[in-house]
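Observations on chain architecture
Read off the chains here:
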Amino acid sequence: MPRAPRPSWLYALVAVLTWPVVRILFRLRASGRERLPSAGGFVLAANHWSNFDPWPLGMPLFPGRFLRFMAKSELFWFPLGAIITAGGGFPVRRGERDEEAVATAVGLCREGHVVVMFPEGTRRRKGLRKRHEARWHTGAARIALQAGVPLVPAAIAGTERLARLGPLRVAYGEPIEVSDLDELELPERAHVATDRLRVAIGELERVVA
């Protein structure tokens, strides 16, 4: 099993500098870390409130884990692209099926990275709560299944109210059971795993509420 890659210098610097902020100012509390795989890569899939969601997701796992996440390709211009990459991001073309981004995510998982995904596909809140629930995407499950790594649910609360210094809460869950899906084709396996993931994240959201 691959050894967990070390965080980049920028990732480590940001984590060290912001640790007091999230722990003291935002009162970050995390539960369920003991449920996470101790070694090897995995997909960490969570609900999605804010562009800041990877921050509280990753801080409780620092320095042992280097979280990687997709960022829209338009941001990867010099020098911003180099900064985003050092911070854990890799490009994805929004609004289309980006096989290259999926292949990158699969490769990162196999190398031992933790790839963060938000299967809701978009943030729940942009000033106001959306009238309709976002349609869940199967990308997180598909990446985990293709890479042969665990699909781990998580829930976040508080990033939608950072301006009010609301407390940050994170809960990590047990990996989703997929061993009984081997007889199915990949698309169907991904759909079933995503349904299970949605239920698991919903249960974790009640923990952090």
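Up top you'll find the structure we're talking about.
Calculation criteria
Residues numbered from 1 in each chain as written. Predicted model: local features only at pLDDT ≥ 70, side-chain atom pairs only at ≥ 80, totals over all residues. Heavy atoms only, no water. Helix = DSSP H or I, 4+ residues; strand = E, 2+ residues; numbered from the N terminus. Buried < 20%, exposed > 50% of the residue type's maximum accessible area, 1.4 Å probe, protein only. Contact = heavy atoms within 4.5 Å. Lys, Arg positive; Asp, Glu negative; His and termini not counted. Charge placed at Lys NZ, Arg CZ, Asp CG, Glu CD. Core = buried A, V, L, I, M, F, W, Y, C linked by side-chain atoms within 4.5 Å. Pairing = 2+ DSSP bridges. Axes fitted to C-alpha atoms, helices over the stretch in contact; angles between N-to-C directions. Parallel < 35°, antiparallel > 145°, perpendicular 65-115°, else oblique. Left-handed = near helix turned anticlockwise from the far one by under 90°. Nonpolar A, V, L, I, M, F, W, Y, C, P; charged D, E, K, R; others polar.

Notes on the overall build of the chain
Scanning the chain for helices and strands turns up 6 helices and 9 strands. Out of the 209 residues belonging to the chain, those deemed buried represent 47%. Summarising the internal contacts of the chain: among those between residues at least 6 apart in sequence, 71% fall at separations of at least 24. Charge-centre separation for the chain: the mean point of 30 positive side chains lies 10 Å from the mean point of 21 negative side chains.

Focus on the nonpolar core
In this structure, V43, C109, V115, I143, L151 and L197 are the most contacted members of the largest nonpolar core, which totals 26 residues. It is helix α5 (residues 139–147) that provides the largest number of residues to this core, a total of 6 residues. What L197 contacts, discounting residues up to four positions off in sequence, is A45, P119, W136, L151, P153 and I176.

Looking at the pairing of strand β5 (residues 114–117)
Because side chains alternate across β5, one face comprises the buried residues V114 and V116, and the other comprises V115 and M117, equally buried. Across 3 bridges, the pairing between strand β3 (residues 67–72) and β5 is parallel. Residue pairing in the sheet places F69 in a bridge with V116 of β5.

Regarding the packing of α5 against helix α6 (residues 186–208)
The geometry of α5 relative to α6 is characterised by a closest axis approach of 8 Å and an angle of 120° between their N-to-C directions. With respect to α6, the element α5 is oriented oblique. By crossing handedness, the relation of α5 to α6 is classed as right-handed. Residues A141, R142, L145 and Q146 of α5 form the contact with α6, whose own contacting residues are L186, R189, A190, A193 and T194. Grouping the constituent residues of the contact of α5 with α6 by class yields 5 nonpolar, 2 polar and 2 charged.

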